[in-house]
Amino acid sequence: MTACIVGLAHTPFGKHDAESVESLIVRVARDALNDAGIAAGDVDEIVLGHFNAGFSPQDFTAALVLQADPAFRFKPATRVENACATGSAAVQQGLKAIAAKNARIVLVVGVEQMTRTAPAEIGKNLLKASYLPEDGKIKAGFAGVFGKIADCYFQKYGDQSDALARIAAKNHRNGVDNPYAQLRKDLGFDFCRTESEKNPRVAGPLKRTDCSLVSDGAAAIVLADIDTAMKLGRPLVAFRATAHAQDFLPMSKRDILRFEGCGIAWQRALSQAGITLGDLSFAETHDCFTIAELIEYEAMGLAKPGQGARVLEEGITEKTGQLPVNPSGGLKAKGHPIGATGVSMHALSALQLRGDAGGMQIKDAKLGGIFNMGGTAVANYVSILERLR
C-alpha cells in the first residue's frame with residue numbers, strides 16, 4: 001500500500017460537440033485538484049492516458065494538461081497508451097512514480113474524443129488494438145473480433161444469448177443511477193435479448209445491445225503517498241494491490257476463450273492484497289462487449305469455464321448480489337471513451353468507497369476490484385481499492 005486516491009473528477013460521457021480533447025483534459029484536471037483541495041503547484045508529476053489512434057488530429061497531448069494551470073509548467077508530464085486499458089496504464093505509471101519516491105502527488109488524466117470521427121474510421125481506429133496481420137480484414141471492425149470470440153464460445157458451450165442479454169440488461173439498469181453515463185435507460189431483458197430494427201445484429205451473435213458505446217469524455221484522479229494523503233484530511237481510498245499481465249497480441253497464439261491474462265492479473269492482485277474474491281464489496285469490469293464480461297466471470301474465478309451464465313442465473317453479479325459487478329453501468333451504459341475508461345473505473349470505484357456514489361452506492365462498500373482490459377485480453381490490469389477513512 002503506497003498510495004491513495006485523494007481527489008477525482010469525471011465528465012459525463014457521450015457526444016460533446018462543443019468540447020475538444022484539450023477542453024476535456026483541462027476541465028477534469030482543475031476539478032480533480034479542487035476535489036483534492038490542493039493547488040497545481042503541489043503536483044509533482046502528470047500522467048495522461050490518451051489512446052488516439054486517429055480519433056484526434058492533435059497528438060503529443062501530455063502537454064495539454066499544462067493548459068489547466070500555469071503552475072503545471074515544467075512539471076514532468078507523460079502520455080501513455082495501452083489500447084483500451086490506457087487509463088489503467090496511466091494510473092499504474094503514477095503509482096510507480098510514487099513507489100519510487102520520485103513524486104508525492106501525481107495527477108492522472110484519461111481522455112478520448114471519438115464521436116467527431118466518421119463511423120467507418122472509428123472501426124479502423126479501434127481495429128488497431130488487434131493484431132492486423134490476422135484481424136485487419138475482419139468485417140465490422142473490433143465488434144467483428146469479439147463477434148468471432150462469441151461465435152467460438154457458443155460453438156463450444158452452447159447458445160449463450162440469454163446470458164449476454166442478462167449482462168446488457170443488468171448494466172443498463174445500473175446505469176440509470178450513474179449521472180456520468182451516456183445511456184441512462186433501463187432497456188430490459190426482452191429488448192436486449194431480441195433482435196429488432198432498434199437492436200440489430202452487429203457481428204456474429206452480438207447485437208447492438210451487446211456493444212459498448214462510442215463516446216467522448218474524460219476523468220482524472222489525484223494520487224498521493226500515504227503520509228501526504230493523511231495530512232490532507234480528505235476521505236482516503238488506498239491501493240491495496242495492483243497487477244498488470246500482458247499477453248500475446250495474436251489470438252492464434254492463445255486460447256481466446258480463457259482470457260488467461262485476466263485470470264493471472266486477478267490472481268496476482270488478490271494474492272498481493274491477501275484477500276479472496278469473496279472479500280470484495282463490488283467489482284468494475286471491462287464490458288466492452290457482453291461476451292467479454294461473461295468470459296471475465298470465468299477468468300476471475302466466479303465460475304468454471306463455460307459456466308459464466310450460472311453467475312447471472314443466480315443473481316450473483318446483480319447490485320444486490322454477492323458480488324455486484326459494474327454498479328456504474330459499466331462501459332455498456334456509461335460509454336467507452338478509450339483513454340478515459342480506466343481512470344473512470346478508478347474514479348467511480350473511489351466514489352463508492354467514499355460513500356459518495358449516490359444511486360450507484362453499494363451499502364457498506366469497503367473493498368473494490370477493478371479489471372480494465374486492452375484488446376482481446378492482451379493488456380490486463382487489476383486494482384484492489386480499500387477505504388481507509
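Heads up: the structure comes first, above all this text.
What comes next concerns the included structure. Note that the coordinates shown come from a computational prediction; the quantities given were computed from them, not determined experimentally.

## Focus: the nonpolar core
Next up, step 1: Grouped together as the largest cluster of nonpolar side chains are 66 residues, with contacts concentrated most on F146, F259, W266, F289, I291, L294 and I384.
Next up, step 2: For this core, the element with the highest residue contribution is helix α5 (residues 141-157), accounting for eight residues.
Next up, step 3: The contact partners of L294, leaving out residues within four places of it in the chain, are Y153, Q160, A163, L164, I167, G308, A309 and L312.
Next up, step 4: Within the second largest apolar cluster, 36 residues are counted, among which are V47, A85, L95 and A365.

## Concerning the environment of T376
Next up, step 1: Structurally, T376 can be placed in the loop between β10 (367-374) and β11 (379-387).
Next up, step 2: The exposure class assigned to T376 is buried, which follows from its relative accessible area of 4%.
Next up, step 3: Distance in space between the C-alpha atoms of T376 and L323 is 24 Å, their sequence separation being 53 residues.
Next up, step 4: Not counting the four nearest positions on each side in its chain, T376 is found in contact with F142, V145, F146, I149, M251, R254 and I256.

## Re the packing of helix α6 (residues 161-175) against helix α10 (residues 290-300)
Next up, step 1: At a closest axis distance of 9 Å, the pairing of α6 and α10 adopts a crossing angle of 100°. With respect to each other, α6 and α10 are oriented roughly perpendicular. Packed against α6, whose contacting residues are A163, L164, I167, A168, K170 and N171, the element α10 presents T290, I291, E293, L294 and Y297 at the interface.
Next up, step 2: In terms of residue class, the contact of α6 with α10 is built from seven nonpolar, two polar and two charged.

## Observations regarding the sheet that holds strand β2 (residues 45-49)
Next up, step 1: Across the sheet, which stays open at both edges, the nine strands sit in the order β3-β2-β4-β7-β1-β8-β11-β10-β9 with mixed pairing between neighbours. Single-partner strands in this sheet number two, and they are β3 (77-80) and β9 (282-284). Across the sheet, the axes of successive neighbouring strands diverge by a mean angle of 25°, strand direction being ignored.
Next up, step 2: With two bridges joining them, strand β1 (residues 3-10) and strand β8 (residues 237-246) adopt antiparallel strand pairing. The residue of β8 that forms the bridge with I5 is V237.

## Comments concerning α10
Next up, step 1: Most of α10 sits out of view: eleven of its eleven residues are buried.
Next up, step 2: Those residues of α10 that sit buried are T290, I291, A292, E293, L294, I295, E296, Y297, E298, A299 and M300.
Next up, step 3: Phi for G301, located one or two positions after α10, is positive at around 105°.

## What about the state of the cysteines?
Next up, step 1: Evaluated as defined, the whole model comprises zero disulfides.
Next up, step 2: Free of any disulfide, C192 has its nearest neighbouring cysteine sulfur in C211, separated by 11 Å.
Next up, step 3: Its relative accessible area of 1% is what places C192 among the buried residues.
Next up, step 4: Free of any disulfide, C211 has its nearest cysteine sulfur in C288, 9.3 Å distant.

## Describing the pattern of salt bridges
When charged atoms on two side chains of opposite charge get close, those side chains can pair.
Next up, step 1: This model, assessed by the stated rule, comprises 16 salt bridges.
Next up, step 2: Residue R79 pairs with D59 through a salt bridge whose shortest N-O separation is 2.3 Å. A residue pair is termed long-range when its members are at least 10 positions apart, and R79 in strand β3 and D59 in the loop between β2 and β3 qualify at 20 residues.
Next up, step 3: With a relative accessible area of 38%, D59 lands in the partly exposed category.
Next up, step 4: Through salt bridges with shared partners, one network takes in D35, R234, R354 and D356.

## Looking at the side chain of Q92
Next up, step 1: Tracing the sequence through the fold places Q92 in helix α2 (residues 86-99).
Next up, step 2: Those residues in contact with Q92 that sit more than four places away from it in its chain are T242, A243, H244, Y381 and V382.

## Details of the pairing of β10
Next up, step 1: Summarising burial for β10: eight of the eight residues are buried, a large majority.
Next up, step 2: Burial of the side chains of β10 extends over both faces: L367, G369, F371 and M373 are buried on one face and G368, I370, N372 and G374 on the other.
Next up, step 3: As paired elements, β9 and β10 share three bridges and run parallel to each other. Bridging across to β10, F282 finds its partner in G368.
Next up, step 4: With eight bridges connecting them, β10 and β11 associate as antiparallel partners. Along β11, the bridge assignment pairs F371 with V382.
Next up, step 5: Connecting β10 to the antiparallel partner β11 that follows it, the hairpin turn spans four residues, and G375 within it adopts a positive phi of roughly 65°.

## Quick look at the packing of α2 against helix α13 (residues 338-354)
Next up, step 1: Close contact between α2 and α13 brings their axes to 5 Å; oriented N to C, the two are set at 60°. The orientation of α2 with respect to α13, classified from their angle, is oblique. On α13, the residues that touch T86, G87, S88 and V91 of α2 are G339, G342, V343 and H346.
Next up, step 2: Taken together, the residues that form the contact of α2 with α13 break down as two nonpolar, six polar and no charged.

About the thresholds
- Residues numbered from 1 in each chain as written.
- Predicted model: local features only at pLDDT ≥ 70, side-chain atom pairs only at ≥ 80, totals over all residues.
- Heavy atoms only, no water.
- Core = buried A, V, L, I, M, F, W, Y, C linked by side-chain atoms within 4.5 Å.
- Buried < 20%, exposed > 50% of the residue type's maximum accessible area, 1.4 Å probe, protein only.
- Helix = DSSP H or I, 4+ residues; strand = E, 2+ residues; numbered from the N terminus.
- Contact = heavy atoms within 4.5 Å.
- Axes fitted to C-alpha atoms, helices over the stretch in contact; angles between N-to-C directions.
- Parallel < 35°, antiparallel > 145°, perpendicular 65-115°, else oblique.
- Nonpolar A, V, L, I, M, F, W, Y, C, P; charged D, E, K, R; others polar.
- Pairing = 2+ DSSP bridges.
- Disulfide = S-S within 2.5 Å.
- Salt bridge = Lys/Arg side-chain N within 4 Å of Asp/Glu carboxyl O.

Geometric descriptors of this kind do not, in isolation, establish any biological role.
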